Amino acid sequence: MADFSTGMISTEDVLEDEKVEDMRDEFYDLDPDFTQFTTYTVDQSKRETFREKPTWLEDELPPRLTAVAGGGYVGTGTTINITVTTGHGAYIKKGDFLRNMKTQEGFWVTSVAGHVVSTVRSIGTRVAAAGANGEQILIVGPAFAQGADFPDTNMIKRVLGFNYTQIFRHGWNFTRTNTKVRMVAGNQPAKEQAKQMKVHKRAIEYSGFWGARDFKTDPGTGEPVGFAGGADEFIISIRRDVNGPLTAHYLVDFLRDALVHGEKKKVVYLAPLPALQISKFNRSGMGSQWRPSDETRHGVKVDAFLSGAYGYEIPVIVKKDWNDFSTASKQYGGWGFLLDHDYIAARPLAGSDTKLLLDRQPKGRDSVAGEFLTEMTWEFAQERVHAMFFGVTA
């Protein structure tokens, strides 16, 4: 028997299913796409690799510095044997001119045996003076007699750099029926596909900073598993523990070392906490140390420019999603990287750059499945052109 309503009819007297649903036809995403490092690197330098272990060669000029060792040397005599840092004798050749950078005395090398350098001293106007352990010696360059024989030679051996490709996969799986049901903001699997694309890119981005270079065997299948090393894995020489708030003096000293080598395509990637502290600096006499920016470089919005120690500005990208990371016990919320993109490349395996693969469900399964798949790695050459700091606290 039908129900009756009497008197004034309110919304509660109407069947819920009779009402038209009023729902916004778009989602409010909590986390937009923050994969600036990947975007910048792919735009700047992307080269396919045809191996699961791509390699590269690194070379450098012969060293120009050594130091006094072995207890030093006396300040008398016209000749002197100088013991240098163990292993550094190979840097020096017969005929080289040296300078003790503290005493300014000049030396002309007559022979080298191991790490003991025999010299004629007091070359130039500086008089003989004793040398102490640790005083730096600059290898200025050779000076040969007229008509001399062919000189002694030395050569720096090249270094092999390598990384492993990593397979990134992010998928979805829905019953066929689910994909036919009309839904707000579009049907599945299109909505999940868009979300998984962001998740996929985020995983690749994080590997660029914190990936570990390794090659293991899956105990379940016996098949190899590659892990692509990121910046944290490669940077060895310039790793600074701030161990407290980031000060102007500390930052300037960090930049002085970090900018010595490499080119000018350096970019700073910062967690929000160190970015906040740098933006507060007020260092007189050095121009604008933190210049807010709305510029775009290689498809990436630059948040600011930081004045370097060598006369040019460095783009700064604030990694907003790192604000979720803790700063306690030197965790990632207090980290920053200075990376030289002239020495970084994205290296997808041939034919394995990011692909959308559909119809991945098993044969006969009444479902709709797909995935994003990428096999790639990173090339971080010449680790001394890159730098990082950590341990920044509020």
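First, a word on what this report is: a plain description of the structure on this page.

About the thresholds
Residues numbered from 1 in each chain as written. Predicted model: local features only at pLDDT ≥ 70, side-chain atom pairs only at ≥ 80, totals over all residues. Heavy atoms only, no water. Helix = DSSP H or I, 4+ residues; strand = E, 2+ residues; numbered from the N terminus. Buried < 20%, exposed > 50% of the residue type's maximum accessible area, 1.4 Å probe, protein only. Areas by Shrake-Rupley, 256 points an atom, 1.4 Å probe, with all protein chains shown as cover. Pairing = 2+ DSSP bridges. Axes fitted to C-alpha atoms, helices over the stretch in contact; angles between N-to-C directions.

### Considerations on the overall build of the chain
Of regular secondary structure, the chain possesses six helices and 23 strands. Taking all 394 residues of the chain together, the buried fraction comes to 39%. A total accessible area of about 22,600 Å² is found for the chain, and carbon and sulfur atoms account for 53% of it.

### Details of unusual backbone geometry
Here the amide bond leading from Gln-188 into Pro-189 is cis, since omega sits at 5°, within 30 degrees of zero. Examined against the element boundaries, Pro-189 turns out to sit in the loop between α2 (176–180) and α3 (190–210). Residue Ser-329 is not a glycine yet carries a positive backbone phi of 55°. Position of Ser-329 among the secondary structure elements: in the loop between β18 (313–318) and β19 (336–340). For Ser-329, a relative accessible area of 72% puts it in the exposed group. A positive phi angle is found at Gln-382, which is not glycine, with a value near 50°. With respect to the helices and strands, Gln-382 occurs in the loop between β22 (367–380) and β23 (387–392).

### Some remarks on the sheet that holds strand β2 (residues 65–67)
Across the sheet, which stays open at both edges, the six strands sit in the order β2-β7-β4-β5-β6-β3 with antiparallel pairing between neighbours. Each edge of the open sheet is held by one strand with a lone partner, namely β2 and β3 (79–83). When strand polarity is set aside, the average angle formed by the axes of neighbouring strands in this sheet is 40°. As judged from the three bridges shared by strand β4 (residues 96–100) and strand β5 (residues 106–113), these two strands associate in the antiparallel manner. Paired with Phe-97 across the bridge in β5 is Trp-108.

Any functional reading would require information that these geometric values do not contain.
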